[in-house]
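# Architecture and fold: a report
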Amino acid sequence: MSKSLIVQKYGGTSVGTLERIEHVADRIVKARKTGVDIVVVVSAMAGETDKLLKMARSLSKNPARREVDMLLSSGERISAALLALALQSRGIPALSMTGRQIGLQTDSTHTRARITSIDAQRARKMLNKNHVIVVAGFQGINEEGDVTTLGRGGSDTSAVALAVALGAKQCEIYTDVDGVYTSDPRMVPQAKKLDVVSYDEMLEMASLGAKVLQIRCVEFAHKYKMPLVVKSSFKEKEGGKGTLICEEDPKMEQPVVSGIMCDKNQAKITLKEVPDQPGIAANIFEPLAAASISVDMIIQNVSEQGHTDLSFTLAREELDEAMVIMNKVGKKIQATQVSSNAKIAKLSIVGAGMRSHSGVAAQIFKTLSAHKVNILMISTSEIKVSCIIEQKNSKLAANALHDAFKLEGKTAKKKTAKIVSPAKK
Ligand code: ADP
Ligand code: ASP
Ligand code: MG
């Protein structure tokens, strides 16, 4: 019978220094002793991707996405090669591989490409020869053979996709917190670690700003029912128990509110005094869709004298590109002004139990008002309420709501979360 396989992913802080890489190598040596095959996926060393992006932006205001991918993919290659060397010096046969070498094929949407297939033949061959494979995460190649990247946090998705392609038993995501919390523990010190989270809830949490897992990684894990475990690489003893993300247990009662997420990576664009006519919204949003820019919330004010103001939100990294498009559109549709605000945050309250409970929105608005936090936009769905607020209020608002919904819970130990180097983030 062939050995079982585990895919382990180590994020930026976990491979942030040579010392940390040595520590990861020691962990892998230990894990191998339990008799499993191991494929490791690594991120770039902490800060490296941001540093490279800054270099690109200092040379070009709107750097070509193809070149950005070529540049950013180098960060993950460095950590993969260094970890393979550290393993080899421990007597472990190890081989580093790029996205191309691991056969990870994507579409051509540079900087946020989607995985289309993985041809893991070479990886399987090397596993059969008892090698540890160290894969540079976050990257693949498109049909032309150009390097692509999978969006920020994309190594999580590389790891799950490889776990699925290689038939792994589970995918372990090692990071700098010891699991998934009710809220970002750096922002809400009283946040509680969750032992088990369903794929559905994790999907909502990831899409609303819990960057501990990239949303596409959760989508993949859900689709292929791959158990995901989030653990700390800083804790001894296999990183603690961590958080298991798996299928929902229908017998378990759903909490009304299970978490408070905050996404500071948001921006808002407003078009003033747009003619209120059929076809105007299409004129605004079609060119954005053509540029693969996703729009989140949209608000159109009540029309006055045939004109209306229209605002929408989007990811901040797409703001510059969207503003170039919107300035053109604004002229075409004769808007009197096109403006943007990048100092906003989206605060979301998530909970599957909201389906059957009323009053959650009212409680949110009451709490925010008691803390004098102004709400700029609101959107709701079956299991979440999101508010756009000024970014400077996000910490205050997240903590106030965490308290108001008593998320610390009876079982939470009166201690603050275990996190690493909070000052760095
Ligand atoms: P890595 O470099 O290992 O991929 P990330 O920085 O991408 O790590 O993700 C881990 C970070 O996610 C944590 O340090 C924490 O601040 C943040 N985070 C945001 N929301 C949550 C949450 N609900 N639970 C745990 N961590 C969260
Ligand atoms: N290095 C990339 C980033 O910083 C990908 C990742 O870490 O997952 O977003
Ligand atoms: Mg990450």
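Fair warning: this is a prediction, and the values are worked out from it, not measured in the lab.

## Here we look at the sheet that holds strand S6 (residues 132-136)
With mixed pairing, 8 strands are arranged side by side in an open sheet as S3-S6-S2-S1-S9-S11-S12-S10. The open sheet has two edge strands with one neighbour each: strand S3 (94-97) and strand S10 (196-198). Averaged over all pairs of adjacent strands, the angle between their axes in this sheet comes to 20°, without regard to strand direction. Where strand S1 (residues 5-10) and strand S2 (residues 37-42) come together, 6 bridges link them in parallel fashion. Paired with Lys9 across the two strands is Val41, which belongs to S2. Along the sheet, helix H3 (residues 65-88) makes contact with S2, S3 and S6, crossing S6 at roughly 160°. Along the sheet face, helix H4 (residues 121-128) touches S1, S2, S3 and S6 and points at about 170° away from the line of S3.

## Focus: the site of ligand 2
Around ligand 2, a shell composed of Ser43, Ala44, Thr49, Glu76, Phe138, Arg152, Gly153, Gly154 and Ser155 is seen. Take Ser43: an N or O atom from its side chain is 3.0 Å from an oxygen atom of ligand 2. Ser155 is positioned such that a nitrogen or oxygen atom in its backbone is 3.0 Å from an oxygen atom of ligand 2. Isolated, ligand 2 exposes 270 Å² of accessible area, and the fraction of that covered by the protein chains is 86%.

## Side note on the packing of aromatic side chains
The final tally for this structure, using the stated rule, is 3 aromatic pairs. Consider the rings of Phe285 and Phe312, whose centres lie 5.2 Å apart with planes at 75°: the pair is edge-to-face. With Phe285 in helix H9 (residues 280-290) and Phe312 in strand S15 (residues 307-315), this pair connects stretches of sequence that are 27 residues apart. Of the two residues examined, Phe285 and Phe312, each falls in the buried class. One residue, Arg20, lies across the ring of Phe234, its end atom 3.8 Å from the ring centre.

## Looking at unusual backbone geometry
The backbone of Glu273 shows a phi angle near 50°, a positive value even though the residue is not glycine. As for its placement among the helices and strands, Glu273 is situated in strand S13 (residues 259-275). What makes Glu273 partly exposed here is its relative accessible area of 39%. You will see that Gln334, though not glycine, has its phi angle at about 60°, which is positive.

## Focus: the pairing of strand S9 (residues 170-175)
Burial analysis of S9 places 6 of its 6 residues in the buried class, the great majority of the element. Burial along S9 is two-sided: the residues Gln170, Glu172 and Tyr174 and Cys171, Ile173 and Thr175 are all buried. Here S1 pairs with S9 via 5 bridges, running parallel. Bridging across to S9, Tyr10 finds its partner in Tyr174. Pairing of S9 with strand S11 (residues 228-232) involves 5 bridges; the strand directions are parallel. Opposite Ile173, over in S11, you have Val230 as the bridge partner.

## Section: the nonpolar core
Grouped together as the largest cluster of nonpolar side chains are 45 residues, with contacts concentrated most on Ile133, Cys171, Leu213, Leu228 and Ile245. In contact with Leu213, other than residues within four places in its own chain, are Asp156, Ile173, Met202, Ala206, Val218, Leu228, Val230 and Ile245. In terms of nonpolar packing, the next biggest core, distinct from the first, is built from 25 residues, Tyr10, Ala25, Ala80 and Ala84 among them.

## Regarding H4
Inspection of H4 places Ala123, Met126 and Leu127 among the buried residues, and these make up the whole buried set. Down the axis of H4, the buried side of the element spans an arc of 105°, and every buried residue falls inside it. Exposed positions of H4 whose direction lies more than 90 degrees from the buried face are Gln121, Lys125 and Asn128. Once H4 ends, the next one or two residues include Asn130, with phi positive near 75°.

## Let's talk about the sheet that holds S13
Read across the sheet, 6 strands follow the order S14-S15-S13-S16-S18-S17 without closing on themselves; strand pairing throughout is antiparallel. In the strand order of this sheet, the two ends are held by strand S14 (295-300) and strand S17 (375-381), each with one partner. Each adjacent strand pair in this sheet contributes to an overall mean axis angle of 25°, direction not counted. Strand direction decides the pairing type here: S13 and S15, joined by 8 bridges, are antiparallel. Bridging from a neighbouring strand, Leu271 pairs with Leu310 of S15. Along the sheet, helix H11 (residues 360-370) contacts strand S16 (337-350), S17 and strand S18 (384-390); its crossing angle with S18, the most-contacted strand, is approximately 20°.

## Concerning the packing of helix H2 (residues 48-59) against H3
One can describe the packing of H2 onto H3 by two numbers: an axis separation of 9 Å at closest approach and a directional angle of 155°. Between H2 and H3, the angle is such that the two are roughly antiparallel. The two elements H2 and H3 cross, and the hand of that crossing is right-handed. Taking contact as the criterion, the partners of Glu48, Thr49, Leu52, Leu53 and Ala56 in H2 are, on H3, Val68, Leu71, Leu72, Ser74, Gly75 and Ile78. Here the contact of H2 with H3 is built from residues that sort into 7 nonpolar, 3 polar and 1 charged.

## Structural notes on the pairing of S18
Summarising burial for S18: 6 of the 7 residues are buried, a large majority. Here S17 runs beside S18; their pairing, made up of 6 bridges, is antiparallel. In the sheet register, Ser379 faces S18, and the bridge partner there is Ser386. Here S17 folds back onto S18, and the loop between the two strands holds 2 residues.

## Digging into the confidence of the model for the chain
Chain-level statistics for the chain give a pLDDT mean of 92 and a share of 94% at 70 or above. A low-confidence stretch, residues 410-416 stays under pLDDT 50, and its non-local contacts, those more than four residues away or across chains, total 8 contacts.

Calculation notes
Residues numbered from 1 in each chain as written. Chains lettered and ligands numbered in written order. Predicted model: local features only at pLDDT ≥ 70, side-chain atom pairs only at ≥ 80, totals over all residues. Heavy atoms only, no water. Pairing = 2+ DSSP bridges. Helix = DSSP H or I, 4+ residues; strand = E, 2+ residues; numbered from the N terminus. Axes fitted to C-alpha atoms, helices over the stretch in contact; angles between N-to-C directions. Contact = heavy atoms within 4.5 Å. Near = heavy atom within 4 Å. Polar contact = N/O pair within 3.5 Å; in protein donor to acceptor, adjacent residues only side chain to side chain. Areas by Shrake-Rupley, 256 points an atom, 1.4 Å probe, with all protein chains shown as cover. Phe/Tyr/Trp six-rings, centres within 6.5 Å; stacked < 30°, edge-to-face > 60°. Buried < 20%, exposed > 50% of the residue type's maximum accessible area, 1.4 Å probe, protein only. Lys NZ or Arg CZ within 6 Å of the ring centre and 35° of its normal. Core = buried A, V, L, I, M, F, W, Y, C linked by side-chain atoms within 4.5 Å. Arc of directions from axis to C-beta. Parallel < 35°, antiparallel > 145°, perpendicular 65-115°, else oblique. Left-handed = near helix turned anticlockwise from the far one by under 90°. Nonpolar A, V, L, I, M, F, W, Y, C, P; charged D, E, K, R; others polar. pLDDT = per-residue confidence, 0-100.

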